[in-house]
Structures are given as C-alpha cells and as structure tokens.
Amino acid sequence: MPRKLDLTGGTPVWCAYRSAAVPAGRLTRDAKTDVLIVGMGISGATMAEALTRDGHSVICIDRRGPLKGSTAATTALVQFEIDQPLISLCRMIGGDAARQAWRRSRLSLLNLRERITGLDIRCRSADTPSLYLAGNRLDASDLRREAEARHEAGIGASLLTRKKMKEEFGIDRTAAILSHGNLALDPRKLTSGLLRRALERKARFYAPAEAIAIDDNRVGVTVSTRDGPAIKARHLVLTTGYELLDIVPRMDHRIISTWAIATRPQPKKLWPLTALIWEASDPYLYIRATSDGRVICGGEDEKFTDEERRDALIAQKTDRLEEKLGEIFPQLDAAAEFAWSGSFGATGTGLPIIGSVPGHPRVHAVMGYGGNGITFSQIASEIVSASIAGKEDADASLFAFKN
Ligand SMILES: Cc1cc2nc3c(=O)[nH]c(=O)nc-3n(C[C@H](O)[C@H](O)[C@H](O)COP(=O)(O)OP(=O)(O)OC[C@H]3O[C@@H](n4cnc5c(N)ncnc54)[C@H](O)[C@@H]3O)c2cc1C
C-alpha cells in the first residue's frame, strides 16, 4: 500500500494570496490515456504541462486534490544552487558529475524562467540574487573554495568579504557568496498556472483519486484506484512527492521536519536587492521576501518524521525563527503572521532521483528531494518528457535510479 504522510501543519503564507482554482472531477469509471500522472503538486504540474505540450493525452490524479501536498507549504526560493555545496558534491559523486549537476540545475532554472514568461503564468516571479552566508558548515575559507569550484564549472559566483557584506547588505558575517539568476515566486500560482495550461490542452484531472496498485507490461500500465475505477496508460509518471508507491525502490533518502514563518508586509524595511538568503549551517536558515514585502524565514530542520511531534513544535520553532531573523536584520519586525510546518525528503547527495523505475520501463518516478524541489521538478519534466518521446536527455544518467 502507498505510504501516507500528513505533509503540512499550520497555515502557510500563500493562503494570503488568491490563486486560480484547478478544477478536478470524480473518477467514476475506467479510463484510458497516453500518460497518467499521479500527484498534482509542482512536479505533477510541470510534467502535465510538458507532456500536453508534446501532444500526449494526459490524465492527472491526486488522492488529496491539486496543490494539497508539500507544494502548498514550500517557501519557494527557486534556486539553481543545489543544497549540497559543489565542493562536497565533488567528493561524493566525482568532479565531472557534480559540476554537470550544478550546470544542469542552472540551465533548468533559466528554462523555467522562460517557461513562466512564454506561458504567461502570473506567479509574481522575480529574478532575485542570492547570498550564501558562511556558517557552521562552511566558513569563509570554505566559501572561497566553493566560489572557485563554481567558477571552474562555468557558474558565476562572487565572494563577499565581511567588510563588503556589512557595507552592501548590513549583514554581519565573515563571508558570503553572491549569485545571480535565482527566482522568488508564488508556488501555488505557478503550479495552478501550469495545471491550467495542461487543462486548456484537454488534460483530464480527477481528485480525490488514490493510486493503490500498479500492473505494467511491455506495452502499458494499469493503475487501480482506491474507489474502484482503473486507468490504462502507455506511460505512468509518479510525482507523489514524499509518499511513495511500493513499486518505487526505497533509495537512500530520509524524511525531515521543517518549519517556516512569514511576517506582515514591510516593504520599506527590506534589505538591498531583497536577495534570497541562505546559510551554510546546520540547522539551516533561509530568508526571502514576497512581492508585497512580507519576510519569509524558514529552516530549523530536524531529522524526524512524526507529524504530530512536528506540528506540536510550531510555536517553539516560530520563536526561534523570529529570534534568528531579528539577529540578521534588526530593522525588521520579525513577528510571525503565518507559521507552518512541513515534511520534506532528502537524499544523501541532495540530488533528485528521476527516471524509469528499474525493471519497469514504462513507470517513471520523480523524487525531487531536497530544498530545490521546484528546480528539480523542471529538470524532471525535461528528462521524463524526452524519455516518453523516445529520446534520451544528455543528463538522464546523472539523476537515474542506480541499481
Ligand atoms: C516548508 C517547506 C519549505 C520548502 N522550501 C523550498 C524552497 O524554498 N525551494 C524549493 O525549491 N523547494 C522547497 N521545498 C521543497 C518543495 O516544496 C517540494 O520539493 C515540492 O513542493 C514537492 O513537490 P511535489 O509535486 O513533488 O510533491 P507534493 O506537492 O507533495 O505533491 C505530491 C502529490 O501527490 C499526491 N499523492 C501521493 N501519493 C498518492 C497516491 N498514491 N495517489 C494519488 N495521489 C498521491 C499527494 O496528495 C500530493 O498532492 C520546501 C518544502 C517544505 C515542506
């Protein structure tokens, strides 16, 4: 049986903004399609848009409903900068593969930006620089090596000294890496925009509809749903977030609990460039602003899954995040207007796992794990749509399931 997780708790800030509804009907009888997508978060949405663009007939199902999983809770710092520093990733998977993973992440982020513009999805997307602050995981000299490693990979990165950080951003840290070309956006608007483009191309959406069993052979896949009807497809794409169906091998991953807050709008008090801020620390801290000047601050991750325990900690974690936000930016009103929790999955390398499930060539799975889930969902839509079109993406093996 598929694993179930209560994915979020509290009230995410995105509830303050309207996003266009995504209509989904009831699945009352068996259905047939080219591609069935299970899961209607950001990963399912990027996939549905790409596959309908390629001319496939598409059905999407979700056991909760569109946008009711982790995507509703994300803080949406959409970065090409992978959680795993390039210098560490080189040690883990070798220099060539690590540099290529970072380059692909950079390229896919550019593709996502063009996709948003090309499809005219109004998701308050803004090109935003980022500041990666020295912390207890990487100090100033590590950050110097990290910036050099990125340069060697062809990725721009400027190392800022303590003096520059103070002068230009008013932040007191020994060093930071300044990067350009990341995005800040509203994840619900992006996801609903992509799903609605797929609907315009005649995709069919059903919810609540839960996939409970998969039967596949050389020519196709049949998925049974909890309420009875079955769906036959030429290909199945599993974009179920951190809840995995049994057919997906349990790779090296774990579920982590995380927390976030958002303040009232205070556009006049924001920092220069409203850069995305993230810290090379454990526990992790990150900060961004919304388009109307709220400040989102998240992190404080802990390595446990228990959702009740996670949600019981919201008040305590809110205090801690307010305190940390106030330390970095004393000019801000750090009081939380929104506070929420979520679960997210992490692999050892910080890279997603994307591709057909070993032994099941027509079943594709996307495990867009880590703090870059949105960027990874773009990469996944590129790799899986190529594979379904009978082509091989040049980086497919980098992210594939390893036997
Ligand atoms: C607090 C928080 C902050 C984050 N911050 C960032 C960030 O700043 N930047 C970033 O890029 N990423 C961030 N992430 C990660 C990012 O949000 C996720 O990686 C991303 O939203 C996952 O999207 P998804 O579509 O894969 O999963 P989900 O949004 O969880 O969607 C999966 C869907 O599949 C459905 N489903 C599951 N099993 C079944 C089944 N058997 N049958 C039918 N439906 C099923 C679920 O109901 C769900 O709706 C954050 C996550 C959290 C929790």
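Residues numbered from 1 in each chain as written. Predicted model: local features only at pLDDT ≥ 70, side-chain atom pairs only at ≥ 80, totals over all residues. Heavy atoms only, no water.

Student: Give me the pairing of strand β13 (residues 276-279): which residues, what numbers.
Tutor: What you see with β13 is no split at all: L276 and W278 on one side and I277 and E279 on the other are buried throughout. For strand β5 (residues 126-133) and β13, the ladder comprises 4 bridges, and the chain directions are parallel. Each residue of the ladder has a partner; that of S130, found in β13, is L276. In the sheet, β13 pairs with strand β14 (residues 285-289) via 2 bridges, with the strands oriented antiparallel. Bridge pairing links W278 to Y286 in β14. If you look at the hairpin formed by β13 and β14, you'll find 5 residues sitting between the two strands. (Buried < 20%, exposed > 50% of the residue type's maximum accessible area, 1.4 Å probe, protein only. Helix = DSSP H or I, 4+ residues; strand = E, 2+ residues; numbered from the N terminus. Pairing = 2+ DSSP bridges.)

Student: Give a detailed account of the pattern of salt bridges, specifying residues and quantitative values.
Tutor: What the rule picks out here adds up to 29 salt bridges. R113 is the salt-bridge partner of D127, the closest N and O atoms lying 2.7 Å from each other. Note that D127 is positioned in strand β5 and R113 in helix α3 (residues 95-118), a separation of 14 residues in sequence. For R113, a relative accessible area of 29% corresponds to the partly exposed category. Linked through salt bridges whose partners overlap, the residues forming this network are R104, E382, D393 and D395. (Salt bridge = Lys/Arg side-chain N within 4 Å of Asp/Glu carboxyl O.)

Student: Can you lay out the domain arrangement of the protein chain for me, pointing to particular residues and giving the numbers?
Tutor: For the protein chain, the assigned domains are domain 1 (8-74 + 188-252 + 351-399) and domain 2 (125-184 + 253-346). Between domain 1 and domain 2, the residue contacts involve 19 residues of the former and 20 residues of the latter. A buried area of about 1,500 Å², summed over both sides, lies between domain 1 and domain 2, and 62% of it is on carbon and sulfur atoms. In terms of surface lost to domain 2, no three residues of domain 1 exceed V13, Y17 and Y242, which account for 30% of the buried area on that side. Between domain 1 and domain 2 we count 5 residue pairs in polar contact (both at pLDDT 80 or more) in total. (Domains from an automatic or database assignment. Contact = heavy atoms within 4.5 Å. Buried area = accessible area lost by both parts, 1.4 Å probe. Polar contact = N/O pair within 3.5 Å; in protein donor to acceptor, adjacent residues only side chain to side chain.)

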